[in-house]
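Examination of the molecular architecture
These are the residues of each chain, in order.
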Amino acid sequence: MSDPAAAELSEAGAQSLDAADPGHRELFDVPPVDGGRYPDVAYFAGNSLGLRPKATRSELLEDLDSWAALGVEGHLDAARPWLPYHELLTGPASRLVGALPSETVVMNSLTVNLHLLMVSFYRPTPERFRIVIEDSAFPSDSYAVRSQARFHGFDPDDAVVRLRPREGEDCLRTADVVERLGSEVALVLLGGVNYLTGELMDIPAITTAGHAAGAVVGWDLAHAAGNVPLALHDWDVDFAAWCSYKYLNSGPGALAGAFVHERHLGDPTLQRFEGWWSTEASSRFEMAAVSRPPASVDAWQVSNPPIFSMSPVRTSLELFDKVGIAVLRERSIRLTEYLERLLAGVTPGRPLQVITPTDPARRGAQLSLRIGGARTAGELAKVLRFEFGVIADAREPDVLRLAPVPLYSTYHDCWRAAQALAETVPETA
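Because the structure is a prediction, the values reported are computed rather than measured. (Residues numbered from 1 in each chain as written. Predicted model: local features only at pLDDT ≥ 70, side-chain atom pairs only at ≥ 80, totals over all residues. Heavy atoms only, no water.)

1. Overview of the overall build of the protein chain
Condition: The helix and strand labels rest on DSSP assignments: H or I over at least four residues marks a helix, E over at least two residues marks a strand, and numbering proceeds from the N terminus. To get the radius of gyration, use the C-alpha atoms; to get the globule rule, take the number of residues to the power 0.38 and multiply by 2.2 Å. Exposure categories follow from relative accessible area, calculated using a 1.4 Å probe and restricted to protein chains: below 20% of the type maximum is buried, above 50% is exposed, and the middle band is partly exposed. Per-residue accessibility takes into account occlusion by the displayed protein chains alone, with areas from the Shrake-Rupley method and a 1.4 Å probe. Positive charges come from Lys and Arg, negative ones from Asp and Glu, while His and the chain ends are left out of the count. Taken as the charge centre is NZ of Lys, CZ of Arg, CG of Asp or CD of Glu, depending on the residue.
Each helix and strand counted, the protein chain has 14 helices and 15 strands in total. At 23 Å, the protein chain has a C-alpha radius of gyration in line with the 22 Å of a compact globule built from 429 residues. With respect to the three principal axes, the spread of C-alpha positions in the protein chain is 75 × 60 × 35 Å. Here the protein chain, with 429 residues, has 53% of them falling under the buried criterion. For the protein chain, the computed accessible surface area is about 18,500 Å², with 55% contributed by carbon and sulfur atoms. Within the protein chain, one finds 38 positive and 56 negative side-chain charges whose respective centroids are separated by 3 Å.

Written out as structure tokens, the structure is:
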């Protein structure tokens, strides 16, 4: 008698699952494979750079054509007028992260936004000055908080508290994070989904604990936005920032997002850097010497928004609005669990170990593998790409990240990745 569960793990089984549970691959440009059995790559690097939606090119060209046809008059007369263009992104961005429109803005890049927000929310005193981050934070976050501590006159080696997992573990436990939030902590700034392990942090619990300890709590959502459902307003998060070139598929270096909770909006005591776009729109062209900031996160804007950089973000956000993050999360859980089952048949006896939490509620669309033996993760990634058409992301020296993105990844992609690893990584004697 055949085993239906085992049959699902075959190539035919993967193809059957794709027929029953399709994503939206047809809406994306999937890179081709130069030779081999399959026409397209199996793409697992969407946690580094998402694929291009097919609509991006034509919609960006429409905005460019407005410039050609109208010149400066495009600010008011373009099909999508440039002057209020950023407002087209506000609604879908706020829905994606569980925020109010007044709390959400798309602007700048991720680390620039973190710095602008820390101007307001990292206000250290001699008694309360420490910043808590995870030890495996993305390097840019590390650099940012260390430079902020140094700017305020503190030794970053003393001011920045780096949380490490317990001995022999790869991921942080929520209870251990909470235990470190003492009276000297001014700011908690963690990644919502850890870039290295794929661990989804308990954002509401840590936010509540941080507030109870008297700290401000902010989140880097680079690997969470577009990956998992968020409820920033209801979770009472103070501030957050995220990029849009990973799961949000807006292109390399695309504009980022920022969130400030409404209880901080309009607070006259809050410090903030300002520029032309920080003043209320109705008075912007009065050319006054003193800003009149609106009671919204728009007050954190500084410069005139780059329209042609906003265009791909708008295209992507409208796609998320149409499909829905809750629906995507459900498929993400199914897809990632399928990849996990496939890897469970490959890793035993090989120098491969999944370091991502096994509980679907504690991870996003990512499984990270620690690679043993003499070959580095980067070397293995090259073999997967050039010999099997499987694109994964390597973090040297020994972590290979596989992100089955629910918008465009398939069950067959997962099968290809597992097969490639089985053929590439020899069993140990």
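2. A closer look at unusual backbone geometry
Each neighbour pair has its own omega, and for E396 with P397 the value is 5 degrees, a cis peptide bond. Tracing the sequence through the fold places P397 in the loop between strand 14 (393-395) and strand 15 (399-402). One non-glycine residue, N249, lies in positive phi territory at about 55 degrees. For N249, the position within the fold is in the loop between strand 9 (239-242) and strand 10 (256-260).

3. Notes on the pattern of salt bridges
Note the cut-off: Note on definitions: salt bridges are taken to be side-chain nitrogens of Lys or Arg within 4 Å of carboxyl oxygens of Asp or Glu.
If you walk through the whole model with that rule in mind, you get 29 salt bridges. Notably, a salt bridge pairs D29 with R52, separated by 3.0 Å at the nearest N-O pair. Separated by 23 residues along the polypeptide, D29 in strand 1 (residues 28-29) and R52 in strand 3 (residues 52-53) bring together distant segments of the chain. Since its relative accessible area comes to 30%, D29 is described here as partly exposed. In this structure R52 comes out as partly exposed when scored by relative accessible area, which is 41%. Residues participating in the shared-partner salt-bridge network are D21, R331 and R334.

4. Comments concerning the nonpolar core
Our working rule: By convention a nonpolar core is built from buried Ala, Val, Leu, Ile, Met, Phe, Trp, Tyr and Cys residues, the set being connected through side-chain atoms within 4.5 Å. Contact definition: two residues touch when any of their heavy atoms are within 4.5 Å.
Grouped together as the largest cluster of nonpolar side chains are 63 residues, with contacts concentrated most on V188, W219, L221, L232, W242 and L407. Where this core is concerned, the elements lending two or more residues are helix 5 (87-97), strand 6 (160-163), strand 7 (185-191), helix 10 (203-212), strand 8 (216-220), strand 9, helix 11 (307-323) and helix 12 (325-344). The greatest single-element share of this core, amounting to seven residues, is contributed by helix 11. Residues within four places of L407 in sequence aside, it is in contact with G23, H24, R25, F28, N249, L319, F320, V323 and L328. One finds F129, A137, A256 and L265 within the second-largest nonpolar core, a separate group that totals 32 residues.

5. Examining a nonpolar patch on the surface
The condition is simple: Patch members must show over 30% relative accessible area and no salt bridge, and they are joined within 9 Å when carrying like charges or within 5 Å when they are nonpolar side chains of Val, Leu, Ile, Met, Phe, Trp or Tyr.
A cluster of nonpolar side chains, contributed by W276, F285 and M287, occupies part of the molecular surface with about 360 Å² of accessible area. Its place among the elements puts W276 in the loop between strand 10 and helix 11.

6. Things to note about helix 10
Test applied: Picture the helix axis, draw a direction to every C-beta atom, and the arc is the one those directions span. Think of a polar contact as two N or O atoms within 3.5 Å of one another; within protein, one of them needs to be a possible hydrogen donor and the other a possible acceptor, and neighboring residues in sequence only count if both atoms come from side chains.
Taken together, the buried positions of helix 10 are occupied by I203, I206, T207, A209 and G210. Considered in projection along helix 10, the buried side chains sweep an arc of 165 degrees and stay on one side of the axis. Helix 10 presents T208 and A212 as exposed residues on the side facing more than 90 degrees away from its buried surface. In this structure, the buried side of helix 10 is in contact with helix 9 (174-179), strand 7 and strand 8. Put simply, D202 is the residue that caps the front of helix 10, since its side-chain oxygen is 3.2 Å from the backbone nitrogen of A205. The positive-phi residue at the C-terminal boundary of helix 10 is G214, with phi of around 90 degrees.

7. Here we look at the packing of helix 3 (residues 54-70) against helix 11
Inclusion rule: Only the contacting stretch of a helix is used when fitting its axis, a line to C-alpha atoms as for every element, and angles between N-to-C directions run 0 to 180 degrees. Take the far helix as your reference; a near helix turned counterclockwise from it by less than a right angle gives a left-handed crossing, and one turned clockwise gives a right-handed crossing. Residues are grouped as follows: Ala, Val, Leu, Ile, Met, Phe, Trp, Tyr, Cys and Pro are nonpolar; Asp, Glu, Lys and Arg are charged; all remaining types, including Gly, are polar.
For the pair helix 3 and helix 11, the least separation of the axes is 9 Å and the interaxial angle reads 145 degrees. The way helix 3 lies across helix 11 gives a crossing that is right-handed. Of helix 11, the residues touching helix 3 (which contributes A55, T56, E59, L60, D63, L64 and W67) are F308, S311, P312, R314 and T315. Partitioning the contact of helix 3 with helix 11 into residue classes produces six nonpolar, three polar and three charged.

8. Here's the deal with the packing of helix 13 (residues 377-388) against helix 14 (residues 411-424)
Pairs of packed helices are described in terms of their axes, by the angle between the two and the distance that separates them. As a reminder of what qualifies: Should an angle fall under 35 degrees it is taken as roughly parallel, and over 145 as roughly antiparallel, whereas 65 to 115 is taken as roughly perpendicular and any remaining angle as oblique.
In contact at an axis separation of 11 Å, helix 13 and helix 14 are set at 115 degrees when each is read in the N-to-C sense. Taken together, helix 13 and helix 14 sit at an angle that is classed as roughly perpendicular. Considering how the two elements wind past one another, helix 13 and helix 14 form a crossing that is right-handed. Listed contacts from helix 14 to L380, V383, L384 and F388 of helix 13 are R416, A420, L421, E423 and T424. For the contact of helix 13 with helix 14, the per-class residue count stands at six nonpolar, one polar and two charged.

9. Some thoughts on the state of the cysteines
Here is the rule: Sulfur atoms of two cysteines make up a disulfide when they are within 2.5 Å.
According to the stated counting rule, one finds zero disulfides in the structure shown. C414 provides the cysteine sulfur closest to C171, a residue in no disulfide bond, and the two sulfurs are 20 Å apart. Exposure remark for C171: the relative accessible area of 11% places this residue in the buried category. The exposure class of C414 is buried, given its relative accessible area of 0%.

Don't take any of this as a statement about function, it's just geometry.
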